[in-house]
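What follows is the residue order along each chain.
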Amino acid sequence: INIETSGRYTYGFKSEIAEVRRIFGRMGVKVNLALPTCTVKELKKAPAAELNIVTRNIRWAQKMKKKFGNDYF
């Protein structure tokens with residue numbers, strides 16, 4: 001999955017993302033990247049995800065659906 005997040009510069013953000021990755025990992029779901037904190041290298045792999053989880057801006061997920069077929073929630 002790709003996850004759109006918020007709070008890039010908030011206190012504890014890195015630990016929150018690590019916890020999200022851990023929880024999804026325990027369910028057998030790999031977090032491909034977390035936007036907007038991902039690297040360019042990670043961003044290039046965005047189409048590999050089967051699902052985009054959107055929290056704010058749905059346009060990027062709609063464009064990925066159209067171009068690559070990634071579902072979004």
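Just so it is clear, the model here is predicted, and its values are computed rather than measured.

A.B. asks: Which residues make up the overall build of the chain, and what values go with them?
C.D. replies: Within the chain, the regular secondary structure consists of three helices and four strands. Tracing the chain from N to C terminus, the helices and strands come up as β-α-β-α-β-α-β. By principal-axis analysis of the C-alpha atoms, the chain measures approximately 35 × 25 × 25 Å. For the chain, buried positions account for 30% of its 73 residues. In the chain, of all internal contacts separated by at least 6 residues, the share reaching a separation of at least 24 is 45%. Here the chain carries 15 positive and 6 negative side-chain charges, and the mean point of each set is 7 Å from the other.

A.B. asks: Give a detailed account of the side chain of N32, specifying residues and quantitative values.
C.D. replies: Among the structural elements, N32 can be located in the loop between α1 (13-26) and β2 (33-35). Taking relative accessible area as the criterion, N32 reaches 13% and is therefore assigned buried.

A.B. asks: Give me the lowdown on the side chain of E4, citing residues and values where you can.
C.D. replies: Structurally, E4 can be placed in strand β1 (residues 2-4). Buried within the structure, E4 lacks any salt-bridge partner; its nearest side chain of opposite charge belongs to R56, at an N-O separation of 4.1 Å. A polar atom in the side chain of E4 sits 3.2 Å from the backbone nitrogen of N57.

A.B. asks: With reference to specific residues and values, describe unusual backbone geometry.
C.D. replies: Backbone torsion omega between L35 and P36 reads 5°, so that peptide bond is classified as cis. Along the polypeptide, P36 turns up in the loop between β2 and α2 (40-44).

A.B. asks: Explain a positive patch on the surface residue by residue, including any values.
C.D. replies: Taken together, the side chains of R21, K30, K41 and K45 present a region of like positive charge at the surface. Note that K30 resides in the loop between α1 and β2. Take K30: its relative accessible area is 59%, and that puts it in the exposed class.

Rules used in this analysis
Residues numbered from 1 in each chain as written. Predicted model: local features only at pLDDT ≥ 70, side-chain atom pairs only at ≥ 80, totals over all residues. Heavy atoms only, no water. Helix = DSSP H or I, 4+ residues; strand = E, 2+ residues; numbered from the N terminus. Buried < 20%, exposed > 50% of the residue type's maximum accessible area, 1.4 Å probe, protein only. Contact = heavy atoms within 4.5 Å. Lys, Arg positive; Asp, Glu negative; His and termini not counted. Charge placed at Lys NZ, Arg CZ, Asp CG, Glu CD. Salt bridge = Lys/Arg side-chain N within 4 Å of Asp/Glu carboxyl O. Polar contact = N/O pair within 3.5 Å; in protein donor to acceptor, adjacent residues only side chain to side chain. Patch = residues over 30% accessible without salt bridge, like charges linked within 9 Å, V, L, I, M, F, W, Y side chains within 5 Å. Areas by Shrake-Rupley, 256 points an atom, 1.4 Å probe, with all protein chains shown as cover.

So, to be careful, I would describe these as geometric facts and stop short of saying anything about function.
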